[in-house]
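Read off the chains here:
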Amino acid sequence: PTEGTRKIPAGRRAQQFGFADPELLVTIAVLSGGAYVASLFMNDKDGEKKDSLSKAGILASLATFGRSHVHGLSDMARSPVAGAERFLGMVSTRVGDMSPKLLRRMRDHEQGVLTRTNDYLKAIAPFVEGLRKIPEAARANLDAAILTGDIGKITTALGKAGRPELVAEFRKARTLLQQVGAELMQRGKLKGLLPDYYPRIVTDVPGLLKALGTEERTLIEAKLEQASRKVMKEALRDLTPFEQSQIINSVLKGGPTGTGKPGFLKKRIVGEVTPELAQYYAPASESLPLYLRAVSKELEKSRFFGENLVRDPVTGAVNLDESIGNVVREERNAGRITADQAMELGDILKSRFGPGERSGSPILQSVKNVAYAGLLGHVTSAITQLGDVVLSAAAHGMLPTLKAIQQNLTGKPARVTMRDLGMIDHIAEEFVTASRKPVTVFGHQLSTAKFLEKVFKYSGFSLVDKIGKNVSIQASKNKLEGWAKSPAGLRQLQAKYGKAYSPTELQQLAADLRSGELTPLVKSVLFSELSDLQPISKLEVPQAYLDNPNGRALYMLKGFMLKQADIVRRNVWKNIKAGNYGKATEQGLRFGLALGIGGATTQWINNWLLGRDDPAELSDIPVNMLKTFGWSQYTLDKMKQGKPFEAVVDMAAPPYKMFDKIIAADPSAIQYLPIVGRVYYARDWFDLLE
């Protein structure tokens, strides 16, 4: 009947059904039926059923109006739908719906940034770690010497600091800088190389300007303002610390001012970074990693845009608007996107490479780090992460996952880990902090990013997350290798990745999978498989998250929730739209049970650990499935009390209750003490304080 309906002209279909897509009727039935099932588990003690079904009917009606041919209704409904896409829909899913080939390129870009960054940081690790171990009293003169780049002064300073062996490591770091500089020149970012270059990154611009003379300060401020306006217009972002430093250092060295004429400083006024000025620059042990992180993004951005890249002829900065326009035009000419999709795709790319590259306020980031430590830095949170293994079984199959667990426990046969995909201690995009610069609290320098890392380490959160990722990566490899060995499996591989890879690439991918080799193509598809399940990059977040660096605080603790919703959308909703109702049901049951069983199992373990007298019940499974999508116990209780507005606000609001309790000096705030607080509070050990 569905196929026959599709043959009816659109106008007559509208008259018959009132909607453009008859499949939507099935979707409404599924939503309503699901709401009714959920209501069975949300009865109060007296058995009174709540109005979940009617509420679902209202939401389904809004979705129906969105497909109506009555323009007044459709316009009213489609606007919030479009807003929901921007605020709640994953960027990767939206791009993949338009052009799977471009999504593959974008995910390769994300993986490339991670891999290149980690390769660079690994190469300089001996030098950087050696510098950090030098006593603080000897660092000022050493930092000044290294930032100046004079090898004689550097050798002398290292000798005085008792670390002459670091001279060899410094030479290796300088060789890497020359190689990186050569690649930047090749890609049009630089016009020349300095033989003694070492990155100088200004961390205290106001302090440095105050220490300089009026003439230098005036010129630098003018250049920074001019460059800031230009980069905001062309790249839709602010100047990075590295770009600010380039402008400042160029002026202080008497270099070009941007007009093509020599600067007014005819001599190197600050050719050497003195110990007095070094305090305004990042220490040598931090400036090099910061520089290489920035360079990794720049080089991978050049790779992504390729021949479509357009640079400013004077500064070498990427003209984002024109470069994105070329990419979208290429997709349009290839027939992979429509005219309407071209506008949406261009908007998404601008968000990703424009404001998506910006960092939020350092103070706000510090607050988020402290909140994450208090809310997730516990053994119970680590145990909850074990649910990822069950989700892997739902996505990749039970046997591939069990084999992956065995491989991770024994190391045999050889396994693939997150390190192989460029992810070292990388939990999720939600937890990424752009700056490790300490903040001053009551006169003390504190790095909340380092604090959060230690809390995650000692609570076991990082370890369990790593285990979950490694199992998922290996399970996907086991699954895909099985696909590559049978005609039916090859058809599955073609169905999933045929639009993202060319026929030649897909053929080579199948051969690589059969051989078991970890080739670039295999790494690419494994990164994509993990990205489908976890928010590991800037593509696995909503567009509004990218557009609003400071607004990312509103997404705290919602990254995984939104990703689980995205999994349901891709595996259930899309199959319903395509008319594959049997597969939609099978996928819905598979992922629904996985989320519920995983959540319930970890809840039972945590209940035992916290000393709660809460016996395990089968009803915990559907309840935990709801909790995965933000329906906390508090939210569920509010719904039972007939207070849906309070329930929705609780689900959508940032985790403000932690700070509310701390500020109010509520004794229960002890539960937010990282690592031990939650167990201490749950077991009511307050008497130990007396």
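Up top is the structure.
Throughout what follows, the structure given in this document is the object of discussion. (Residues numbered from 1 in each chain as written. Predicted model: local features only at pLDDT ≥ 70, side-chain atom pairs only at ≥ 80, totals over all residues. Heavy atoms only, no water.)

**Thoughts on the nonpolar core**
Going by this rule: Only buried Ala, Val, Leu, Ile, Met, Phe, Trp, Tyr and Cys residues count toward a nonpolar core, and they belong to the same one when joined by side-chain atoms within 4.5 Å. When accessible area is computed with a 1.4 Å probe and restricted to protein chains, residues below 20% of their type maximum are described as buried, those above 50% as exposed, and intermediate ones as partly exposed. Here a helix means four or more residues in a row that DSSP labels H or I, a strand means two or more in a row labelled E, and each is numbered from the N terminus. Throughout, a contact is declared for two residues whenever any of their heavy atoms are within 4.5 Å.
Formed by 51 residues in total, the largest nonpolar core has its most connected members in Leu131, Ile146, Tyr198, Tyr291 and Leu292. Broken down by secondary-structure element, the contributors of at least two residues to this core are helix H7 (100-132), helix H8 (139-148), helix H9 (151-160), helix H10 (166-186), helix H11 (205-211), helix H12 (214-235), helix H13 (241-252) and helix H15 (284-305). Ranked by the residues each element gives to this core, the list is headed by H10, at 8 residues. For tyrosine 291, the contacting residues outside a window of four places in its chain are Leu177, Val180, Leu184, Tyr197, Pro199, Ile201 and Phe242. Among the nonpolar cores identified, the runner-up in size contains 29 residues, and Val95, Phe305, Leu309 and Ile324 belong to it.

**Some words on the environment of leucine 208**
By the secondary structure assignment, leucine 208 is in helix H11. Each C-alpha atom, one on leucine 208 and one on glutamine 279, is 8.6 Å from the other, the two residues being 71 residues apart in sequence. Those residues within four positions of leucine 208 in sequence are excluded, and the remaining contacts are Val202, Ile248, Leu277, Tyr280 and Tyr281.

**So, the pattern of salt bridges**
Where we set the bar: By convention in these notes, a salt bridge is any Lys or Arg side-chain nitrogen within 4 Å of a carboxyl oxygen on Asp or Glu.
Tallying each qualifying case throughout the model produces 34 salt bridges. Note that arginine 163 and glutamate 165 form a salt bridge whose closest N and O atoms lie 2.4 Å from each other. Two residues, arginine 570 and aspartate 566, come together in a salt bridge whose shortest N-O distance is 2.9 Å. Here arginine 570 and its partner aspartate 566 are both found in helix H28 (residues 559-577), 4 residues apart, which amounts to about one turn of the helix. Comparing arginine 570 with aspartate 566 shows no difference in burial state: the two are buried. Residues joined in a network through salt bridges with shared partners are Arg107, Asp532, Glu540, Lys563, Asp566 and Arg570.

**Describing unusual backbone geometry**
Even without a glycine there, the phi angle at leucine 557 is positive, about 65°. Even without glycine at this site, isoleucine 675 takes up a positive phi of about 75°. Considering the arrangement of structural elements, one finds isoleucine 675 in the loop between helix H33 (657-663) and helix H34 (677-682).

**Digging into a nonpolar patch on the surface**
How we decide: Patches here: salt-bridge-free residues with over 30% relative accessible area, like charges joined within 9 Å, nonpolar side chains (Val, Leu, Ile, Met, Phe, Trp, Tyr) joined within 5 Å. Computed by Shrake-Rupley with a 1.4 Å probe, the accessible areas treat only the displayed protein chains as cover when residues are assessed.
A surface patch of nonpolar side chains, about 340 Å² in accessible area, is lined by Met398, Leu399 and Leu402. Looking at where leucine 399 falls in the secondary structure, it is placed in helix H21 (residues 398-410).

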